[in-house]
Amino acid sequence: MNHDARITVAGVSVFFPLYHGNSRSLKKTVMAAASGRLGQDRQSRVVVQALRDISFSLGSGDRLGLIGGNGAGKTTLLRTIAGIYEPVMGRVRVQGSLNALLDTSLGMNIECTGRENIMMRGLYGGLSRPELHRLEEDVAEFAGLGDFIDLPMRTYSSGMQVRLGFAMATAIRPQILLMDEWFLAGDADFLERARKRLEDMVRGAEILVLSTHQTFVVQEWCTRALWLDQGRIREDGAPGDVLASYLGHPLQPKEAVAI
Amino acid sequence: MNQAMQASMNTLARASVLDLEGDLSLAAGHRLALRDLTDGLRLWHLACTLAWLDIRLRYRGSILGPFWLTLSTAIMVGSLGVLYATLFHMDVHDYLPFLALSQVLWAFLATMVSEACTCFTQAEGMIRAVRMPLFLHAVRLLVRNVLVLAHNVAVIVAVYIYFEVWPGWHAFLALPGFAVWGVDALAVCLLLGAFCARFRDIVPIIGSVMMIAFFLTPVIWQPEQLGRNAVMLKYNPFYALLEIVRAPLLGHVPPAETWLAAVLYSIVLCGASWALFVRARGRVAFWL
């Protein structure tokens, strides 16, 4: 844990095979093979080139904001750094403890009680027993669920579910924090406390990679921006410059437009 | 650790180094697959917790809890035992202990195979949210089914006590058999789990195959009833595997030939499973 955190992404491409209809079926595949069409099928298999030849590296202190339209590859890039998707080409090297806030429902089972879900989340993180206990206290306190913590999650209101999910996701403190934009959304009442906790976590992390549509977040939190377009890096540089070309006009000071 | 605790009120994530490359060489593929296995085993505590939660959730809110399993097995064995003993003109005192044992063991094998198909697809949310060894899901499935088996053992014990059957010390010979089952079960999970994640129409096929296997394997009938055709049984992998556990628990020593067949079938299974897993491991997340 004494090592500095580091992310190196070199020439990474990720292709998604598009399986739909026929190619999902073993029968159709075998029939195609039997009639000598498999080779052709292989070649003409529809793939989505989610990331194409992406290279960058981040060291301790870097805060990278990923911007780009829907389907530009932002979430895929986060998942690739998190090691969920393995690159088809190129190399990803991530050194340091990592926490990816991609999905609050991670490991949450609505049939389980809140306490059981917290315990599972801790076990995913490989925590020891005293650490698990601390995690439980921390999450229970922040989520403020009271006695609901021992009831199955399906009895929770949607607000309570979000609070628990957020509290769990932000309770484990990493060197490298990957964050998807929806994490910044939330209802106003909770948002104030959530924002503080998230900011503490962001400040505590050595490296932040954030995917967002909201330019003011990039301006406020990031030291570098990466504009992704159809899986390629369109521009890489200081947030002000990249945002200016992304938006097509120079940034006004304190511009806070949600795109 | 103390320093870390002081430094932060929050829990610290585990340090790690992740190094992934595209265009893997075969050797690198094997190495990553092996690491998946060892990492998965290291998380056995999580696998056991998940398995136990699976069972508790299935029976949450019912008075008997997981003992519903025991009760339903008991009713089935009792009614089938009397029915088949009448149909096959057999003595209930010989037949019922045999059936109770066979039925419980077969239920384990059949459930293991059919649930192996959804090994990865069921854990889709988890696989897509965090990097986790895929082997963990196989271990979870095995543990879950062992827990179910443990509940059903009560039925066997009750029947044995009632009919005063005592397998003797030979029963311990079932232990190596169970070890082979454990390895095979994990291999089946990786094999069918990956295969069914890619090809979604396999699940019902496996269901049919297991149904046919149930009738072709001496589960409810005894091998002796085949007469001279019993030699054909050695081509049935389920028979060899069932027999290495069942025979000792009935007080017999399984013949070396049966053991040899069971080990050979297991080696083929593990080989196929490994070959597929090495290729599919990095792709499963894309298939879900």
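Residues numbered from 1 in each chain as written. Chains lettered and ligands numbered in written order. Predicted model: local features only at pLDDT ≥ 70, side-chain atom pairs only at ≥ 80, totals over all residues. Heavy atoms only, no water.

Caption draft 1: A look at the nonpolar core. Membership of the largest hydrophobic core comes to 160 residues, with the highest contact counts inside it found for A:Ile7, A:Phe56, A:Leu77, A:Leu164, A:Val209 and B:Trp181. Aside from chain neighbours lying at most four places away, what touches A:Leu164 is A:Met108, A:Gly114, A:Ile118, A:Val139, A:Ala143, A:Leu145, A:Met153 and A:Tyr156. In terms of nonpolar packing, the next biggest core, distinct from the first, is built from 6 residues, B:Ala100, B:Val155, B:Val159 and B:Phe163 among them. (Core = buried A, V, L, I, M, F, W, Y, C linked by side-chain atoms within 4.5 Å. Buried < 20%, exposed > 50% of the residue type's maximum accessible area, 1.4 Å probe, protein only. Contact = heavy atoms within 4.5 Å.)

Caption draft 2: Structural context of the interface of chain A and chain B. Counting from both sides, the interface comprises 56 residues of chain A and, opposite them, 47 residues of chain B. Summed over both partners, the interface of chain A with chain B buries about 4,800 Å², with 55% contributed by carbon and sulfur atoms. The tally of links from chain A across to chain B stands at 5 salt bridges. Residues B:Asp19 and A:Arg91 are paired through a salt bridge, measuring 2.6 Å at the closest nitrogen-oxygen approach. Put simply, chain A and chain B have 10 residue pairs in polar contact (both at pLDDT 80 or more) between them. The element that contributes the greatest number of residues to the side of chain A that touches chain B is strand 4 (residues 89-95) of chain A, accounting for 7 residues. Its residues assigned to classes, the side of chain A that touches chain B shows 29 nonpolar, 13 polar and 14 charged. With 5 bridges joining them, strand 4 of chain A and strand 2 (residues 17-21) of chain B adopt antiparallel strand pairing. Within the sheet, the bridge partner assigned to A:Val94 lies in strand 2 of chain B and is B:Leu18. (Buried area = accessible area lost by both parts, 1.4 Å probe. Salt bridge = Lys/Arg side-chain N within 4 Å of Asp/Glu carboxyl O. Polar contact = N/O pair within 3.5 Å; in protein donor to acceptor, adjacent residues only side chain to side chain. Helix = DSSP H or I, 4+ residues; strand = E, 2+ residues; numbered from the N terminus. Nonpolar A, V, L, I, M, F, W, Y, C, P; charged D, E, K, R; others polar. Pairing = 2+ DSSP bridges.)

Caption draft 3: Quick look at the sheet that holds strand 3 (residues 63-67) of chain A. Residues and elements named next belong to chain A. The strand order across the open sheet formed by 6 strands is 5-7-8-3-9-10, and the pairing between neighbours is mixed. Each edge of the open sheet is held by one strand with a lone partner, namely strand 5 (98-101) and strand 10 (232-237). Going across the sheet, the axis of each strand differs from the next one's by a mean of 15°, ignoring polarity. Sitting on the sheet, helix 3 (residues 74-81) is in contact with strand 3, strand 5, strand 7 (176-179), strand 8 (207-211) and strand 9 (224-229), with an inclination near 140° to strand 3. (Axes fitted to C-alpha atoms, helices over the stretch in contact; angles between N-to-C directions.)

Caption draft 4: Up close: the pattern of salt bridges. Residue and element names in this part refer to chain B. Taken as a whole and judged by the stated rule, the model has 19 salt bridges over all chains. A salt bridge links Arg 144 to Asp 54, with the shortest nitrogen-to-oxygen separation between them at 2.8 Å. Linking Arg 144 in helix 7 (residues 135-162) with Asp 54 in helix 3 (residues 44-58), this pair joins segments that are 90 residues apart in sequence. Looking at Arg 144, the relative accessible area reads 6%, which means it is buried. The exposure class of Asp 54 is buried, given its relative accessible area of 15%. Salt-bridge contacts for Glu 115 lead to Arg 144; the nearest nitrogen and oxygen are separated by 2.9 Å. With a gap of 29 residues between them, Glu 115 in helix 5 (residues 92-116) and Arg 144 in helix 7 connect regions that are remote in the sequence. On the basis of relative accessible area, Glu 115 is assigned to the buried category, the value being 15%.

Caption draft 5: Summary view of the environment of B:Glu243. All names here are of chain B. By the element assignment, Glu 243 lies in helix 10 (residues 237-249). Excluding anything up to four places from it in sequence, Glu 243 contacts Pro 248, Pro 254 and Thr 258. A polar contact of 2.9 Å, which involves the side chain of Glu 243, links it to the side chain of Arg 246.

Caption draft 6: Geometry of helix 11 (residues 256-280) of chain B. If you check helix 11 of chain B, its first and last C-alpha atoms are 36 Å apart, about what 25 residues at 1.5 Å a residue would give, namely 36 Å. B:Thr258, B:Ala261, B:Ala262, B:Ser266, B:Leu269, B:Ser273, B:Phe277, B:Val278 and B:Ala280 are the residues of helix 11 of chain B that are buried. (Expected span 1.5 Å × (residues − 1).)

Caption draft 7: Representation of the pairing of strand 7 of chain A within the structure. Residues and elements named next belong to chain A. Burial of strand 7 is two-sided: the residues Ile 176 and Leu 178 facing one way and the residues Leu 177 and Met 179 facing the other way are all buried. Across 4 bridges, strand 5 lies against strand 7 in parallel orientation. Paired with Leu 98 across the strands is Ile 176, a residue of strand 7.

Caption draft 8: A look at unusual backbone geometry. One non-glycine residue, A:Gln230, adopts positive backbone phi at about 50°. We note that B:His89 has phi near 55°; this positive angle belongs to a residue other than glycine. By secondary structure assignment, the location of B:His89 is in the loop between helix 4 (67-87) and helix 5.

Caption draft 9: Summary view of the packing of aromatic side chains. Taken as a whole and judged by the stated rule, the model has 15 aromatic pairs over all chains. Pairing A:Phe148 with A:Tyr156 gives two aromatic rings, centres 6.0 Å apart and planes at 85°, and the pair type is edge-to-face. Exposure remark for A:Phe148: the relative accessible area of 31% places this residue in the partly exposed category. We classify A:Tyr156 as buried; its relative accessible area is 7%. Here the aromatic rings of B:Phe195 and B:Phe199 are separated by 5.6 Å at their centres, their planes lie at 70°, and the arrangement is edge-to-face. With a relative accessible area of 32%, B:Phe195 lands in the partly exposed category. A cation sits over an aromatic face here: A:Arg197 above A:Phe142, 4.2 Å from the ring centre. (Phe/Tyr/Trp six-rings, centres within 6.5 Å; stacked < 30°, edge-to-face > 60°. Lys NZ or Arg CZ within 6 Å of the ring centre and 35° of its normal.)

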